[in-house]
Amino acid sequence: MSTILLIDDDDQLRKSFTRILSQEKYRIVSASSGEEGIEIIREASPDMAVVDYRLPGMDGLETFKAIHRLDPKLPVVMMTAYGTTDTAINAIKEGVFDFILKPFDIPDMLNVIEKALETARFMRMPVDMNISAEQVSRETIIGQSQAMQDVYKTIGRVASTDATVLIRGESGTGKELVARAVYQYSDRADRPFQVINCVAIPDHLLESELFGYEKGAFTGAAYRKIGKVEQADSGTIFLDEIGDMPLNLQAKILRLLQDKRVERLGSTKPIPVDVRIIAATNRDLEAAMADDSFREDLYYRLKVVTIKLPPLREKLEDIPSLADYFISQYAGSQAKGNPGISDKAIQLLSNHAWPGNVREFANIIQKTLIFNRGGPIAADDIVLATDSQNEIIQANSENSEIIQLLQPMARRVLESNGPPDRFDVFMDSVARLFVREALAMTGGNRSKTAKLLGMSRPTLNAKIEKYRLSLDTVVNSDSSGNIHG
Ligand SMILES: Nc1ncnc2c1ncn2[C@@H]1O[C@H](COP(=O)(O)OP(=O)(O)OP(=O)(O)O)[C@@H](O)[C@H]1O
Ligand SMILES: [Mg+2]
């Protein structure tokens, strides 16, 4: 869970901010002055900070500067009222990540926070390469296959240069992880960093996000906006999913690569910038060029240094170490400890095509640990974890414990002369039981229960209401598993 530090002297605002963001599964720590905020950074090590511009004592900008000296990689978002946008623009030039205008629009605010946290993760979460699974303590690129060794070599060779790097590979193959390694091992690791996901941002906003605009450039351009490229000056920008970038922006990126200059929308004055570009895509760029959706000149500019990530099905020899790695990562957060994994289970994992690559693999391992009841992870655990998901299902899944438990129940409901909405009745019974057990385990504490179930509090409240789960039914819970209970 990400921690956000909020610095604002308005008690009411701190309260509502905390309420809204806690529902989004963020942890909020707050302070009413810059001085207090700085103290909190040392204790709470937040992932980002939101700072009001107007503060008693140290003002917002001074607070930002102090935070920046303490931890240059902590993104700071400034809150400011309409009249003070000029100050906000200057703050961006000083290195403030972005600003939110007060009174704020909640979706906009969440959007800015999401982006700041994404950037924080990229900059702050260190990535190691090429070390054995036993040594791992932080995020690591795992794999000893020839293809991965080539990847490490290229990262080592190009990281400290200013060369543009193009990272290619199917979805979930680790492109972002590699981009982070390139950035972190580069000479620009302490310089500004920006990440732009070209598919996550609607086309019409992408241009202003990248290049900024002048006041009055178009209807609604009420103030000057500094683009991310300019914000990354002297540092690095990561253009994720560049294969999905619209053609007119491809032309602008090409110009940036050639001339090292950008123009804000609504201005013809070129601004010199020095940015290193790291780009990634899962697109078939050659096919995209053939159908004129990707510019050939940009392609040649980008591909000088290409890092190609193999799909998981082409590096099956890495499966055992990937399994060890993810088991230790996920088991770390469990009371049961690291159970290890059986050879049969590894065999089963190696037989799958893994269309979602390492991301899918990691998800399966995580689920497998939920089903595991002690002892090394067995083939059965994997079958259970993948049951609802894909084709690994094997004949022996019929023997698994959970299926054995649920099957007679399912039969009973199907064969009963019960209600016509049998499907909903069955699913609701299971859902009710599940929520009830979670409530019982936490002694009825709703925040803990919501966390345990992986749902928001409002969703939990709705379920409690729907299933009429009052605290006494929970605490005096009979475990009869009664279908209509
Ligand atoms: N070789 C690896 N070692 C350890 N973890 C890996 C490796 N490759 C991928 N992962 C993990 O798999 C997940 C997906 O990786 P990542 O986000 O880098 O993929 P991607 O190629 O950017 O995918 P997409 O195209 O969907 O954006 C992440 O959690 C990442 O840490
Ligand atoms: Mg990615």
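Structural data are supplied above this passage.
In this report, the structure presented in the accompanying data block is examined. (Residues numbered from 1 in each chain as written. Chains lettered and ligands numbered in written order. Predicted model: local features only at pLDDT ≥ 70, side-chain atom pairs only at ≥ 80, totals over all residues. Heavy atoms only, no water.)

**Points about the sheet that holds strand β9 (residues 193–197)**
In step 1: With parallel pairing, 5 strands are arranged side by side in an open sheet as β9-β12-β15-β8-β16. The open sheet terminates on both sides in strands that have one partner only, identified here as β9 and β16 (305–308). Mean inter-strand twist for the sheet, computed between neighbouring axes without regard to direction, equals 15°.
In step 2: Pairing of strand β8 (residues 165–168) with strand β15 (residues 276–281) involves 4 bridges; the strand directions are parallel. Within β15, the residue paired with Leu-166 across the bridge is Ala-279.
In step 3: Strands in contact with helix α6 (residues 146–158) are β8, β15 and β16; relative to β16, the strand with the most contacts, it is inclined by about 150°.
In step 4: Packed on one face of the sheet, helix α7 (residues 175–184) meets β8, β9, β12 (236–240), β15 and β16 and runs near 165° to β15. (Pairing = 2+ DSSP bridges. Helix = DSSP H or I, 4+ residues; strand = E, 2+ residues; numbered from the N terminus. Axes fitted to C-alpha atoms, helices over the stretch in contact; angles between N-to-C directions. Contact = heavy atoms within 4.5 Å.)

**Describing the pattern of salt bridges**
In step 1: Throughout the structure, instances matching the rule amount to 19 salt bridges.
In step 2: Ionic pairing is found between Asp-52 and Lys-102, a salt bridge with its closest N-O pair at 3.2 Å. Here Asp-52 is found in strand β3 (residues 48–52), whereas its partner Lys-102 is found in strand β5 (residues 98–102), with 50 residues between them in sequence.
In step 3: Among the residues examined, Asp-52 registers a relative accessible area of 6% and is labelled buried.
In step 4: Relative accessible area serves as the criterion here: at 21%, Lys-102 is assigned to the partly exposed category. (Salt bridge = Lys/Arg side-chain N within 4 Å of Asp/Glu carboxyl O. Buried < 20%, exposed > 50% of the residue type's maximum accessible area, 1.4 Å probe, protein only.)

**Structural notes on the environment of Met-123**
In step 1: Checked against the element boundaries, Met-123 lands in helix α5 (residues 106–124).
In step 2: On the accessibility criterion, Met-123 (9% relative accessible area) is buried.
In step 3: Linking Met-123 and Tyr-183, residues 60 residues apart in sequence, is a C-alpha distance of 8.1 Å.

**Some thoughts on the sheet that holds strand β2 (residues 27–31)**
In step 1: Spatial ordering of the open sheet is given by β2-β1-β3-β4-β5, a layout of 5 strands whose pairing is parallel. The sheet terminates laterally at β2 and β5, the two strands that pair on one side only. Geometrically, the sheet is characterised by an average inter-axis angle of 20° between neighbouring strands, direction not taken into account.
In step 2: In terms of strand pairing, strand β1 (residues 3–7) meets β2 through 5 bridges, oriented parallel. Among the inter-strand pairings, Leu-6 is bridged to a residue of β2, identified as Ser-30.

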